[in-house]
Amino acid sequence: MVRRTKEQAEATRAQLLDAAEALFCDKGVASTTLDMIARAAGVTRGAVYWHFKNKAEIFEAVCDRATSPMETMLDTLVAEPGEDPLGSLERQACEILQLIARDARMRAVLEILFRGFDGGPEFAEYLAREEESKRDCRCQIESVLEAAGARGQLPPDVSPAKAAIAVTAFVGGLMHDWVLDGDYDLADMAPYLTRVFFNGLRST
């Protein structure tokens, strides 16, 4: 019985996240209320508060559910950059772009993030954590590039810190451009685009 109750709770949480994601996409974060999420999920408002303390926490869970695969991929690369760190970083950048192109949920969440929102002061903590997460991501990429530099894969005058900024701008810029106004096949173009970019970093 306990296991069934736990499974039911997990199912209800998933229903709430699905409903919130659809409403955030359709109506925007600011215009979506907890009552709307509860009705769309087919549960009571009390069920919403059982799982989440406010809309900001629901929004964060919606975003984390979609973007955690990218974070996991980067964590794995940092832990083991291998003998070809720059090549591994290039392949992962390509895989991330292709993942976004093929995952409707991830694209929906990124569209919500990129279009911006005014959710009020309750989102201040989330936005601060998001900025910290971006900085951590750049630091992780920098550590991979430091490994690449140690193996002579970067020109001597290329700073891993500055190169990390370039990599995050390249991947983030492509994500932003394609999600908001993509009129091309990102999954198909990703290998070419990443190859051209990383060839510009690579030591000749």
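The structure presented is a predicted model; accordingly, all values stated were derived computationally and were not measured.

Caption draft 1: The arrangement of the pattern of salt bridges in detail. In total, this model carries 10 salt bridges according to the counting rule given. Here Glu21 and Arg65 are joined by a salt bridge, their closest N and O atoms 3.2 Å apart. Of the two residues, Glu21 is situated in helix H1 (residues 2–27) and Arg65 in helix H4 (residues 55–79); the sequence distance between them amounts to 44 residues. Between Asp35 and Arg45 there is a salt bridge, with the nearest N and O atoms lying 2.8 Å from each other. Within this pair, whereas Asp35 is found in helix H2 (residues 34–41), its partner Arg45 is found in helix H3 (residues 45–51), the two being separated by 10 residues in sequence. For Arg45, a relative accessible area of 35% corresponds to the partly exposed category.

Caption draft 2: Structural view of the UniProt feature "domain: HTH tetR-type" (unreviewed entry) in the protein chain. As annotated in UniProt, the feature "domain: HTH tetR-type" (unreviewed entry) corresponds to residues 10–70 in the numbering used here. In residues 10–70, the share of helix is 80% and the share of strand is 0%. The end C-alpha atoms are 23 Å apart.

Caption draft 3: Here's a closer look at the layout of surface pockets. Of the volumes computed, that of the largest pocket is approximately 1,100 Å³. For the largest pocket, the lining is made up of 33 residues, of which Glu130, Ser133, Lys134, Cys137 and Met175 are closest to its centre. Breaking the lining of the largest pocket down by element, the ones donating at least two residues are H4, helix H5 (85–102), helix H6 (104–115), helix H7 (124–150) and helix H8 (160–181). Of all the elements, H7 adds the most residues to the lining of the largest pocket, at 12 residues. Residues belonging to the lining of the largest pocket are distributed by class as follows: 17 nonpolar, six polar and 10 charged.

Calculation notes
Residues numbered from 1 in each chain as written. Predicted model: local features only at pLDDT ≥ 70, side-chain atom pairs only at ≥ 80, totals over all residues. Heavy atoms only, no water. Salt bridge = Lys/Arg side-chain N within 4 Å of Asp/Glu carboxyl O. Helix = DSSP H or I, 4+ residues; strand = E, 2+ residues; numbered from the N terminus. Buried < 20%, exposed > 50% of the residue type's maximum accessible area, 1.4 Å probe, protein only. UniProt positions renumbered as here; feature names shortened; annotations may be inferred. 1 Å grid on protein atoms, 1.4 Å probe; cavity = no way out; pocket = protein on both sides within 12 Å on 5 of 7 lines; lining within 4 Å. Points joined across faces, edges and corners; volume = space filled by probe spheres on them. Nonpolar A, V, L, I, M, F, W, Y, C, P; charged D, E, K, R; others polar.

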